[in-house]
Amino acid sequence: MVNILIFGPPGSGKGTQSVKLAKQFNLLHLSTGDMLRAEIAAGTDLGKRMSSIMSRGELVPDEVVIEMIANKIDNSTGMAGFLFDGFPRTVAQTAALEEMLNERAMKIDSMLVLDVDHDELVKRLTGRAELTDRPDDKDPAVIENRIDVYKAKTEPIISYCSKKGLYQPVNGMGTIDDIFERLSNKLSQLI
Ligand code: B4P
């Protein structure tokens, strides 16, 4: 089993590329953002509690997403590995993921980090606001807050993972197909 983190700021293309990579390499795509939005859509108690946090562009509590991920890992079969999209988002989540994988005789194999300019991030998220009803894309102040939260709470994971030799930067500018090819080349060396 291979365990890959697909990493980058909001709007960097993590979700977009994960769908394509999971299909190509028979990986289970685990997106905590999608899982949380599914809870909100289903109107669960958890979804109701997380909805206002997400619409402000803040991170939900670590323990919520850690439990979601553990459940998914334990209930999956027949895949070549896991593709973690939008998780981990804090150093605490990263340590929890390492522990979770360790207990199951696995480890993080690589962290693919999409590198995208600030203006391009804003352009992509603003563009998506016109196509979907995601409340966190609608307000420019919330988009900026998500990018700030990424820098403050999520980006430190890069240095944490660099020290372990996991960090692999990928140019996230260009067409979806070009970026997919860059990521696929990296993944082909791991799988
Ligand atoms: P996520 O669902 O992870 O969303 P995101 O970071 O905004 O990026 P996403 O992956 O969806 O977008 P993508 O870049 O693919 O998180 C949403 C919220 O959930 C968080 O703010 C937080 O509140 C909560 N959350 C999730 N996980 C959490 C965790 N682990 N801990 C705590 N809280 C958590 O795409 C963006 C747009 O760009 C799309 O419209 C796409 O079509 C477009 N695009 C992509 N690539 C492009 C390209 N090359 N060119 C042009 N457009 C492109």
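One can find the structure itself at the top, above this paragraph.
Everything numeric in this text was worked out from a predicted model, so none of it was measured. (Residues numbered from 1 in each chain as written. Predicted model: local features only at pLDDT ≥ 70, side-chain atom pairs only at ≥ 80, totals over all residues. Heavy atoms only, no water.)

Engineer: Sorry, what's going on with the side chain of D85 here?
Structural biologist: By secondary structure assignment, the location of D85 is in strand β3 (residues 81–85). For the buried D85, no salt bridge exists, and the shortest N-O distance to an oppositely charged side chain is 5.3 Å, to K14. Polar contacts involving the side chain of D85 include one to the side chain of H29, which spans 2.8 Å. (Helix = DSSP H or I, 4+ residues; strand = E, 2+ residues; numbered from the N terminus. Buried < 20%, exposed > 50% of the residue type's maximum accessible area, 1.4 Å probe, protein only. Lys, Arg positive; Asp, Glu negative; His and termini not counted. Salt bridge = Lys/Arg side-chain N within 4 Å of Asp/Glu carboxyl O. Polar contact = N/O pair within 3.5 Å; in protein donor to acceptor, adjacent residues only side chain to side chain.)

Engineer: Got a minute to help me understand the environment of I4 in this structure?
Structural biologist: Inspection of the secondary structure assignment puts I4 in strand β1 (residues 2–7). The spacing of I4 and I108 is 104 residues in sequence and 6.3 Å in space, taken between C-alpha atoms. Apart from the residues within four sequence positions on either side, I4 is in contact with F82, L83, F84, S110, L112, L187 and L190. (Contact = heavy atoms within 4.5 Å.)

Engineer: Can you walk me through helix α6 (residues 118–129) in this structure?
Structural biologist: Taking 1.5 Å of rise per residue, twelve residues should cover 16 Å, and α6 covers 17 Å from first to last C-alpha, within 8% of that figure. For α6, the full list of buried residues reads E120, L121, L125 and A129. (Expected span 1.5 Å × (residues − 1).)

Engineer: Quick question: what am I supposed to make of the site of the ligand here?
Structural biologist: Residues in close proximity to the ligand total 30 residues, the closest being G13, T32, R37, E58 and R146. In the environment of the ligand, an oxygen atom lies 2.5 Å from a nitrogen or oxygen atom belonging to the backbone of G13. Between a nitrogen atom of the ligand and a main-chain N or O atom of G174, the distance comes to 3.0 Å. When contributions to the shell around the ligand are tallied by element, the ones reaching two or more residues are α1 (14–25), α2 (32–42), α6 and α10 (176–188). A breakdown of the residues in the shell around the ligand according to their chemical character gives ten nonpolar, eleven polar and nine charged. (Near = heavy atom within 4 Å. Nonpolar A, V, L, I, M, F, W, Y, C, P; charged D, E, K, R; others polar.)

Engineer: Looking at this structure, I do not really get a negative patch on the surface. What am I missing?
Structural biologist: The grouping of D115, D117, D119, E144 and D148 at the surface amounts to a negative patch. Along the chain, E144 falls in helix α8 (residues 140–154). Overall, E144 belongs to the partly exposed group, its relative accessible area being 30%. (Patch = residues over 30% accessible without salt bridge, like charges linked within 9 Å, V, L, I, M, F, W, Y side chains within 5 Å. Areas by Shrake-Rupley, 256 points an atom, 1.4 Å probe, with all protein chains shown as cover. Charge placed at Lys NZ, Arg CZ, Asp CG, Glu CD.)

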